[in-house]
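Residue-level listing of the chains:
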Amino acid sequence: FTARKGEDDVDREALLSVLRDFLKANQLKVDWDGIDNAPNEALVNALAMMSPYGAAEKQALLEASDLKTRAEILIAVTEMDLAKKKTSGDPPLQ
């Protein structure tokens, strides 16, 4: 393993955008100074560890081949979770 390998490949803007949406949807607060100062590797790995997702999602995060892929999985899983929350009160599509 090489420390901080692949940090430049992470779409930090997309990660922070989905984080903002997640925090707002769940009425949570975060230390933005800490996040702004965190390197991509620490940010992605910390969010992956703290994420509230199930075993399958956590396993996918663990098995990610690189930091970019882990970030992309985290973004996708969070977007799916947010979409599910938005549509949970809507009638099913037919």
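Scroll up to find the structure this text is about.
To start, this report covers the structure provided alongside it. (Residues numbered from 1 in each chain as written. Predicted model: local features only at pLDDT ≥ 70, side-chain atom pairs only at ≥ 80, totals over all residues. Heavy atoms only, no water.)

1. Focus on the overall build of the chain
In terms of regular secondary structure, the chain is built from five helices and zero strands. When the helices and strands of the chain are read in sequence order from the N terminus, they spell out α-α-α-α-α. Counting over 94 residues, the chain shows a buried share of 31%. Counted over contacts in the chain with a minimum sequence separation of 6, partners at least 24 positions apart contribute 65%. (Helix = DSSP H or I, 4+ residues; strand = E, 2+ residues; numbered from the N terminus. Buried < 20%, exposed > 50% of the residue type's maximum accessible area, 1.4 Å probe, protein only. Contact = heavy atoms within 4.5 Å.)

2. Some remarks on the packing of helix α3 (residues 40–50) against helix α5 (residues 67–87)
It is the contact of α3 with α5, at a shortest axis distance of 10 Å, that shows an interaxial angle of 45°. Between α3 and α5, the crossing angle belongs to the class labelled oblique. In terms of crossing hand, the pair formed by α3 and α5 is left-handed. Seen from α3, the contacting residues are N40, E41, V44, N45, L47 and A48; seen from α5, they are L67, R70, A71 and L74. (Axes fitted to C-alpha atoms, helices over the stretch in contact; angles between N-to-C directions. Parallel < 35°, antiparallel > 145°, perpendicular 65-115°, else oblique. Left-handed = near helix turned anticlockwise from the far one by under 90°.)

3. What to know about the pattern of salt bridges
Scanning the entire structure with this criterion turns up two salt bridges. The salt bridge involving E72 is made with K68; its shortest N-O contact spans 3.3 Å. Of this pair, E72 and K68 both sit in helix α5, separated by four residues, roughly a single helical turn. Residue class for E72 comes out partly exposed when judged on its relative accessible area of 41%. (Salt bridge = Lys/Arg side-chain N within 4 Å of Asp/Glu carboxyl O.)

4. Regarding unusual backbone geometry
The backbone phi angle of Q27 is positive, close to 50°, even though this residue is not glycine. Its location among the elements puts Q27 in the loop between α1 (12–25) and α2 (32–37).

5. Some points on the nonpolar core
One broad trend across soluble globular proteins is that nonpolar side chains are buried collectively. L15, L19, L43, V44, L47 and L74 are the most contacted members of the largest nonpolar core, which has 21 residues in total. Where this core is concerned, the elements lending two or more residues are α1, α3 and α5. Excluding residues within four positions of it along the chain, L74 makes contact with L15, V44, L47, A48, S51, Y53 and L61. (Core = buried A, V, L, I, M, F, W, Y, C linked by side-chain atoms within 4.5 Å.)

6. Overview of α5
The end-to-end C-alpha distance of α5, which contains 21 residues, comes to 30 Å, matching closely the 30 Å that a straight helix rising 1.5 Å per residue would cover. With a side-chain oxygen positioned 3.4 Å from the backbone nitrogen of K68, the residue opening α5 is D66. (Expected span 1.5 Å × (residues − 1). Polar contact = N/O pair within 3.5 Å; in protein donor to acceptor, adjacent residues only side chain to side chain.)

7. Details of the packing of α1 against α3
As a packed pair, α1 and α3 sit with axes 12 Å apart at the nearest point and diverge in direction by 35°. The two elements α1 and α3 meet at a crossing, and its hand is left-handed. Across the interface between the two elements, R12, L15, L16 and L19 of α1 pack against N40, L43, V44 and L47 of α3.

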